[in-house]
Amino acid sequence: MIGRTQHARGILTAALDAVTLVAATAILIAAAERPHPAATRGERNHQADSQRGLTLSDYDPVSMLEVASDVVTKAKVPAVDFHNHINHDEPERLLHVMDACNVAVIVNFTGGFGETLQAQVAKFARHADRFLVFANVNWDGIDEPDFGQQAARQLEADVKAGARGLKIFKNLGLGVKDNTGTLVAIDDRRLDPVWAKAGELDIPVAIHTSDPDAFFLPVDRFNERYEELQAHPDWSFHGAQFPSKATLLEQRNNVIARHPRTTFVALHVANHAENLSEVAAWLDRYPNLYVEIGARLNELGRQPYTARTFFVTYADRILFGVDSRPAESVYHPYFRFLETFDEHFDYFTHPRQGRWKIYGIGLPDEVLEKVYRRNARKLLRLD
Ligand SMILES: [Zn+2]
């Protein structure tokens, strides 16, 4: 771990040892004359900015901090990206990124069911050891009297066709309705046969329930995701037409409690990364619960002390995933967060998920080993 500052200091020490004071002075002058990024960024008219004031979206401050800054280009151990959506991607492009980043396996959560699922399996068949696919539920039959049995049979067929798990999207609880126009609750009894079948087949259920806390609050000046919700008004679930976030999480937890022989991976840190002590309590309460970290780097990295304790304590129950189209620029900040103690750097998509920076949690090797691959490989039965 060599930061810019240490590196500069190293050069300076070597210079003093080896050459005259004149040479050292020249190095110092050269360093002082190096233009700062703030001075070189963009073609902006700085004087005009200071006169008229800036809009929030135009504000793009450059940090003056001089602290260690690593680029971690490869995961420390061959990683499993447990949460992605790669249906429309080409295997060759993905393999290039994966090999560059030391990502051994990607799990595609958007497999569909029936023929769609089979087509996804076929598309990646040549690299079946690198790409795994999860099935999804067809909600169209929700009004059929034996919907649960039908969906369970479909899941069994999809697993036979190559699916390695079941992914439930957030529309369960927030969008799926039956013919009475009522939202189907996550813990609706009609779905019990599906959860039971996943347990019987020994496949994990990856479940996305609700969304960040801020998405359930008014989109106003107090909302910490204001810019994101301005850009995507349909991501807001504020209002009487939606169940509360607490209700949705309770429905999900009821299912986890009711099906102890089924393994659930609650995605996005159980969608409650804002409150890791509550997620910890759920992990204590439900031995069949795991969590995954995709798209929550912003939340985890702004609470590095709490997050580090959480990762170390629950190292056996946390899975790596990114939930963003695979690219080196996506993976690098995750590696940096997990592996270094770097301070005050950008999460992927900064500042969209909130105007703050993140801090690394420098996890020990045995924790990285579990989070990056061992937990996922166990659930996916890869060993
Ligand atoms: Zn996703």
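What comes next concerns the included structure. Note that the structure is predicted; figures quoted are calculated from it, not measured. (Residues numbered from 1 in each chain as written. Predicted model: local features only at pLDDT ≥ 70, side-chain atom pairs only at ≥ 80, totals over all residues. Heavy atoms only, no water.)

1. Focus on the coordination of the zinc ion
Next up, step 1: Every protein donor of the zinc ion is listed here as His83 (NE2), His85 (NE2) and Asp323 (OD), and their distances to the metal cover 2.0 to 2.3 Å.
Next up, step 2: For the zinc ion, all donor residues lie on one chain, and their spacing in sequence is H-x1-H-x237-D. Pair noted here: His83 is in strand 1 (residues 79-84) and Asp323 is in the loop between strand 8 (318-319) and helix 16 (328-339), with a separation of 240 residues, a long-range link.
Next up, step 3: Judged by its relative accessible area of 1%, His83 is buried.
Next up, step 4: What makes Asp323 partly exposed here is its relative accessible area of 23%. (Donors = N, O, S within 2.8 Å, 3.2 Å for Na, K, Ca; no water. Helix = DSSP H or I, 4+ residues; strand = E, 2+ residues; numbered from the N terminus. Buried < 20%, exposed > 50% of the residue type's maximum accessible area, 1.4 Å probe, protein only.)

2. Quick look at the layout of surface pockets
Next up, step 1: Each pocket or cavity is described by its volume, and for the second largest pocket that value is around 440 Å³.
Next up, step 2: In the lining of the second largest pocket, the residues fall into ten nonpolar, eight polar and eight charged. (1 Å grid on protein atoms, 1.4 Å probe; cavity = no way out; pocket = protein on both sides within 12 Å on 5 of 7 lines; lining within 4 Å. Points joined across faces, edges and corners; volume = space filled by probe spheres on them. Nonpolar A, V, L, I, M, F, W, Y, C, P; charged D, E, K, R; others polar.)

3. Focus: the nonpolar core
Next up, step 1: Of all hydrophobic cores here, the largest spans 88 residues; its most connected members are Trp195, Phe310, Phe311, Phe320 and Phe337.
Next up, step 2: For this core, the leading source of residues is helix 16, giving six residues.
Next up, step 3: When neighbours within four sequence positions are excluded, Phe310 is seen to be in contact with Val269, Leu276, Val279, Ala280, Leu283, Val291 and Ile318.
Next up, step 4: One finds Val80, Phe82, Phe109 and Val265 within the second-largest nonpolar core, a separate group that totals 15 residues. (Core = buried A, V, L, I, M, F, W, Y, C linked by side-chain atoms within 4.5 Å. Contact = heavy atoms within 4.5 Å.)

4. Quick notes on the packing of aromatic side chains
Next up, step 1: Tallied over the full model, the rule gives 18 aromatic pairs.
Next up, step 2: Each ring, one from Phe109 and one from Phe134, has its centre 5.0 Å from the other, and the planes form 45°; the classification is tilted. In this pair, Phe109 sits in the loop between strand 2 (103-108) and helix 6 (114-123) while Phe134 sits in the loop between strand 3 (131-133) and helix 7 (147-160), placing the two residues 25 residues apart along the sequence.
Next up, step 3: Taken together, the ring pairs connect Phe320, Tyr331, Tyr334, Phe335 and Tyr372 into an aromatic cluster.
Next up, step 4: Taking the ring centre of Tyr290 as reference, the NZ or CZ of Arg317 above it sits at 5.8 Å.
Next up, step 5: In this structure, Arg336 is placed above the aromatic ring of Phe345, and the distance from its NZ or CZ to the ring centre is 4.0 Å. (Phe/Tyr/Trp six-rings, centres within 6.5 Å; stacked < 30°, edge-to-face > 60°. Lys NZ or Arg CZ within 6 Å of the ring centre and 35° of its normal.)

5. Details of helix 16
Side chains of residues three or four places apart in an α-helix project in the same direction, reflecting 3.6 residues per turn.
Next up, step 1: Here helix 16 contains twelve residues, and its C-alpha end-to-end distance of 16 Å stays within 8% of the 16 Å for a straight helix at 1.5 Å per residue.
Next up, step 2: Within the sequence span of helix 16, burial applies to Val330, Tyr331, His332, Pro333, Tyr334, Phe335, Arg336, Phe337, Leu338 and Glu339.
Next up, step 3: The secondary structure elements touched by the buried residues of helix 16 are strand 1, helix 5 (91-101), strand 2, helix 14 (297-301), helix 15 (304-313) and helix 17 (365-379). (Expected span 1.5 Å × (residues − 1).)

6. Here we look at the sheet that holds strand 6 (residues 264-266)
Next up, step 1: Taken in spatial order, the five strands of this open sheet run 4-5-6-7-8, and their pairing is parallel. The open sheet has two edge strands, strand 4 (166-168) and strand 8, and neither has a second partner.
Next up, step 2: Note: strand 5 (residues 205-207) against strand 6, three bridges, orientation parallel. If you follow Ile207 over to strand 6, its bridge partner there is Ala266. (Pairing = 2+ DSSP bridges.)

7. Re the side chain of Asn288
Next up, step 1: By secondary structure assignment, the location of Asn288 is in the loop between helix 13 (276-285) and strand 7 (289-292).
Next up, step 2: Within the local environment of Asn288, its side chain forms a polar contact with the backbone oxygen of Thr262, the two atoms lying 3.0 Å apart.
Next up, step 3: With residues near it in sequence (within four places) discarded, Asn288 still touches Ile256, His259, Pro260, Thr262, Thr263 and Phe264. (Polar contact = N/O pair within 3.5 Å; in protein donor to acceptor, adjacent residues only side chain to side chain.)

8. Concerning helix 6
Next up, step 1: Within helix 6 the residues assigned to the buried category are Gly114, Leu117 and Gln120. The arc enclosing the buried residues of helix 6, seen along the axis, measures out at 125°, which places them on a common side. What points out from helix 6, more than 90 degrees from its buried face, is the exposed set Glu115 and Ala122.
Next up, step 2: Turning to helix 6, the residues buried within the fold contact strand 2, strand 3 and helix 7. (Arc of directions from axis to C-beta.)

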